[in-house]
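Observations on the three-dimensional arrangement
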Amino acid sequence: MNIVILNGWAMPFGIWAHFCDLLKSNITYKSCSVIDIDRCLGVDQWSQYLDDLIQPDTLIVGWSLGGMLAIDYAHQHPEKLRGVCTLQTNPKFVATDDWPSAMTHEAFDGFKQLAGSEAKADINNLIKRFAFLTTAQGLDGIGDLRALKTTFSVDAIPTQEILCQSLELLEQLDVRDQISTLKVPQFHLLGECDQLVPQSVFEQIKALNSGARIELIEGVSHCPCYSAAERIVTRVAKFMGDLN
């Protein structure tokens, strides 16, 4: 089986180094690759782009925005996948009347304003704010934030055009229907202490598809790559074993 990890918004692939090392120690696989959100594509264009990269017999693992794109891809191309696993992913990231378990429009607009600014200070504030929210309240929030800062910087993030376009994608995507009708095994891992994806999403996903596998992991923040990596990889390994 192959593993494809679909990264989250704005993050450089280097954050996955420790996670991938743990995968290698715990799982036997043919290949493992990380795909960044590093280009301006619409939803259907992302699906086509992924289809050109993904081989048959693959488990796709998506984090946050990457998880939403992974669900959409799995819905369109189930024949290529053994399963789909999402990490800290909300099926609809920005709240609406029928999906209040999400980020408010006001908070999201704050990110969009910073991402669209020409001022370097605003981009620095964007990185600091997102890094804090990604790691806060986790198993080792301070250590995770320190580790994240070594790779998540102004020089490492995508271009402003990509940042803004992928935020639009994050705002527009809604994969609730896809989760309800998905034809491949699905496993959703959520963090108990996630500051970006509310705990209530756990029950919401269960309501969308009673057959979906879902777990709320104690002590885990929005960041899957550092202090939470061992807990997450153990569960991904078990899911892969059940697929064989």
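Just above, that's the structure.
Okay, so let's go over this structure. By convention here, each chain's residues receive numbers from 1 onward along its written sequence. Two thresholds apply to this predicted model, a pLDDT of at least 70 for residue-level local features and 80 or more for giving and counting side-chain atom pairs, whereas whole-chain, interface and lining totals are computed over all residues. Excluding hydrogens and water, the side-chain figures rest on all heavy atoms present in the structure.

Some points on the overall build of the protein chain
Secondary structure follows DSSP: runs of H or I at least 4 residues long count as helices, runs of E at least 2 residues long count as strands, and numbering of each begins at the N terminus. A tally of regular secondary structure across the protein chain gives 10 helices and 6 strands. Our radius of gyration is a C-alpha quantity, and the globule rule it is checked against amounts to 2.2 Å times the number of residues to the power 0.38. Here the protein chain has a C-alpha radius of gyration of 17 Å; the compact-globule value for 244 residues is 18 Å, and the two agree. Principal-axis analysis of the C-alpha atoms places the extent of the protein chain at approximately 50 × 40 × 35 Å. Only protein chains enter the accessibility calculation, which uses a 1.4 Å probe; a residue whose area is less than 20% of its type maximum is buried, one above 50% is exposed, and one in between is partly exposed. Counting the 244 residues in the protein chain, one finds 55% classified as buried. Pairs of residues are marked as contacts when any of their non-hydrogen atoms sit within 4.5 Å. Long-range pairs, those at least 24 residues apart, make up 75% of the contacts in the protein chain with a sequence separation of at least 6. For accessible areas, the Shrake-Rupley method is used with a probe of radius 1.4 Å. Any residue's cover is judged against the shown protein chains and nothing else. Accessible surface computed for the protein chain: about 10,400 Å², of which carbon and sulfur atoms make up 49%.

Re the pattern of salt bridges
A side-chain nitrogen of Lys or Arg and a carboxyl oxygen of Asp or Glu constitute a salt bridge if their distance falls within 4 Å. Within this structure, the stated rule accounts for 12 salt bridges. Among the ionic pairs, Lys112 bridges to Glu168, the shortest N-O distance being 3.6 Å. Of this pair, Lys112 sits in helix α4 (residues 105-115) while Glu168 sits in helix α7 (residues 160-172), and the two are 56 residues apart along the sequence.

A short note on the environment of Gln137
Mapped onto the elements, Gln137 comes out in the loop between α5 (120-135) and α6 (141-149). For Gln137 and Gln195, which are 58 residues apart along the polypeptide, the C-alpha to C-alpha distance reads 7.7 Å. Not counting residues within four places of it along the chain, the set of residues in contact with Gln137 comprises Cys193, Gln195 and Gly219.

Overview of the sheet that holds strand β1 (residues 2-6)
For two strands to count as paired, DSSP must find a minimum of two bridges between them. What the 6 strands build is an open sheet, ordered β2-β1-β3-β4-β5-β6; its pairing is parallel. Strands with a single pairing partner mark the edges of an open sheet, and in this sheet they are β2 (31-35) and β6 (213-217). The sheet shows a mean angle of 15° between the axes of neighbouring strands, taken without regard to direction. Think of each axis as a best-fit line through the C-alpha atoms, taken over the contacting stretch in the case of a helix, with angles from 0 to 180 degrees between the N-to-C directions. Contacting β1, β3 (58-63), β4 (81-87) and β5 (186-191), helix α3 (residues 65-76) crosses the sheet at an angle of about 145° to β3. Running at roughly 175° to β6, helix α9 (residues 201-208) makes contact with β5 and β6 of the sheet.

Everything listed here is a matter of coordinates, which is why it stays silent on function.
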